[in-house]
Amino acid sequence: MLSLWFYMIYCCVGYCSTVPNLAYGSVSRRENDAATDNRGSSPGASRDLLNNENELDSRGDEWDEVRGEAKTLDDTAMSGFLNETESKKLPQAIIIGVKKGGTRALLEFLRLHPDIRAVGAEPHFFDRNYDKGLEWYRELMPSSSKGQLTMEKTPSYFVTREVPCRIYSMSKDTKLIVVVRNPVTRAISDYTQTRSKKPDIPSFESLTFKNMSAGLIDTTWSAVQIGMYARHLERWLQFFPMEQLLFVSGERLITDPAGEMARVQDFLGLQRVVTEKYFHFNPAKGFPCLKRPELNTKPHCLGKTKGRIHPNIDPEVMRTLRDFYKPFNKKFYKMTGHDFGWN
């Protein structure tokens, strides 16, 4: 009888740990096959070469050591099975951007914290699936107990016009995290990701300009548009006070992950659990890998979709882009009260 009881628990745990991703994946594939969903963006506001909805980055599958993450999910599911007070809650904190800034790394760092429950896949609720309603959104979230914080991340939220109002309507107390990165290198990383899927796309240089000879930047290309951080932030400040937003440096997530995580945990009102002992820098990948010191296991690193080699870009184009972003960066520094050091 005891063996049967343990077998039933094992089956339930395996099922619970896989349901959220499967549920979202089936919905996402049906929508992507049908048509590109533009409900969350202004018509004609942005030009992009690829709809990246099906990117691995969006599904949260970048981690090589899947079995290590699965164990964490199984442990959490077991705890939930035994704890009848767990329930699904709307997120109290959201990583709202930016694409290719380091949002996946931050989410995975946060998922090491015992007081955080976060959905791995990007729900895209407030930009693409808002018509499905809050209960549909809630069902995507993992179960959590009292005292645990529910989170999600969708990088496109930061640049989508309707999202600030929609999140405010859900809860005006939502804490918002924005991971930002040098807008020039962010744009190149964005392009590199696109080119990995579509090798025959035009060059970065030709896409950057409306008129190359005149040095006129094409601000309708999303790879350029996303990096105009100050312009996007203005919309968020119409609904949320600055103290509800935290700006995380994508560069420092690599060079000093423990330091940035200390800021994030303080912002979320959590104990500083994820410290330097959880990180191991892998020089081959160029990223910090995660380790669980209590288990003394092999570090888990970001997968092959991270750390792609960037193409060589014309230095003159780089200079023109840096000059283009300077006024936006200066305004962003003033708005946030933080100089990120992008030159």
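Residues numbered from 1 in each chain as written. Predicted model: local features only at pLDDT ≥ 70, side-chain atom pairs only at ≥ 80, totals over all residues. Heavy atoms only, no water.

1. Some points on the overall build of the protein
Along the protein, the regular secondary structure elements total 13 helices and 11 strands. Taken across its 343 residues, the protein has 50% of its residues classed as buried. Across the protein, every contact between residues at least 6 apart in sequence was considered, and the portion connecting residues at least 24 apart equals 75%. If you sum the accessible surface of the protein, you get close to 16900 Å²; carbon and sulfur atoms cover 54% of it. (Helix = DSSP H or I, 4+ residues; strand = E, 2+ residues; numbered from the N terminus. Buried < 20%, exposed > 50% of the residue type's maximum accessible area, 1.4 Å probe, protein only. Contact = heavy atoms within 4.5 Å. Areas by Shrake-Rupley, 256 points an atom, 1.4 Å probe, with all protein chains shown as cover.)

2. Overview of the sheet that holds strand 9 (residues 245-249)
Read from one edge of the open sheet, 5 strands run 3-5-2-6-9, paired in parallel fashion. Whereas interior strands pair on both sides, the edge strands pair on one side only; in this sheet they are strand 3 (116-118) and strand 9. Averaged over all pairs of adjacent strands, the angle between their axes in this sheet comes to 25 degrees, without regard to strand direction. Helix 10 (residues 229-236) contacts strand 2 (93-97), strand 6 (175-180) and strand 9 of the sheet and is inclined by roughly 160 degrees relative to strand 9. (Pairing = 2+ DSSP bridges. Axes fitted to C-alpha atoms, helices over the stretch in contact; angles between N-to-C directions.)

3. Side note on the pattern of salt bridges
Counted by the stated rule, this structure contains 15 salt bridges. One salt bridge connects Arg-252 with Asp-256, and the closest N-O pair in it is separated by 3.0 Å. Owing to a relative accessible area of 35%, Arg-252 belongs among the partly exposed residues under this scheme. The closest approach of N and O atoms between Asp-323 and Lys-326, which form a salt bridge, is 3.6 Å. Of this pair, Asp-323 and Lys-326 are both found in helix 13 (residues 315-336), 3 residues apart, which corresponds to roughly one turn of the helix. Residue Lys-326 is classed as partly exposed on the basis of its relative accessible area of 48%. Among the ionic contacts, a cluster of salt bridges with common partners joins Arg-252, Asp-256, Glu-260 and Arg-263. (Salt bridge = Lys/Arg side-chain N within 4 Å of Asp/Glu carboxyl O.)

4. A short note on the nonpolar core
Counting residues in each nonpolar core, the largest one holds 32 residues, and the members touching the most others are Ile-96, Phe-126, Tyr-137, Ile-167, Trp-236 and Phe-332. Put simply, the parts of the chain that give this core at least two residues each are strand 2, helix 5 (134-140), helix 6 (163-170), strand 6, helix 10, strand 9 and helix 13. If you tally residues by element for this core, the top one is helix 10, at 4 residues. Residues contacting Ile-167, with those up to four places away along its chain left out, are Ile-94, Ile-96, Phe-126, Thr-174, Leu-176, Trp-236 and Phe-240. The next biggest cluster of nonpolar side chains, apart from the first, holds 27 residues, and it includes Phe-109, Val-248, Leu-268 and Val-274. (Core = buried A, V, L, I, M, F, W, Y, C linked by side-chain atoms within 4.5 Å.)

5. Structural notes on the packing of aromatic side chains
Counted under the stated rule, the structure contains 25 aromatic pairs. Relative to Trp-342, the ring of Phe-340 lies with its centre 5.0 Å away and its plane at 15 degrees, an arrangement referred to as stacked. Across the pair, exposure class does not vary: Phe-340 and Trp-342 are buried alike. Among the aromatic residues, those joined into a ring-pair cluster are Phe-125, Phe-126, Tyr-130, Trp-136, Tyr-137 and Tyr-157. Here the basic side chain of Lys-132 rests over the ring of Trp-136, its NZ or CZ set 5.4 Å away from the ring centre. If you follow Lys-175 out to its NZ or CZ, it ends over the ring of Phe-267, 5.5 Å from the centre. (Phe/Tyr/Trp six-rings, centres within 6.5 Å; stacked < 30°, edge-to-face > 60°. Lys NZ or Arg CZ within 6 Å of the ring centre and 35° of its normal.)

6. Focus: the environment of Arg-186
For Arg-186, the location among the structural elements is in helix 7 (residues 183-197). For the pair Arg-186 and Ala-223, spaced 37 residues apart in the sequence, the C-alpha separation amounts to 7.8 Å. Those residues within four positions of Arg-186 in sequence are excluded, and the remaining contacts are Val-98, Lys-99, Lys-100, Arg-181, Ser-222, Ala-223, Ile-226, Gly-227 and Tyr-229.

7. Some words on unusual backbone geometry
A cis geometry characterises the amide bond from Gly-97 onward to Val-98, with omega recorded as -5 degrees. For Val-98, the position within the fold is in the loop between strand 2 and helix 4 (103-110). Backbone geometry places Lys-100, a non-glycine residue, at a positive phi of 60 degrees. Relative to the elements of secondary structure, Lys-100 occurs in the loop between strand 2 and helix 4. You will see that His-124, though not glycine, has its phi angle at about 50 degrees, which is positive.

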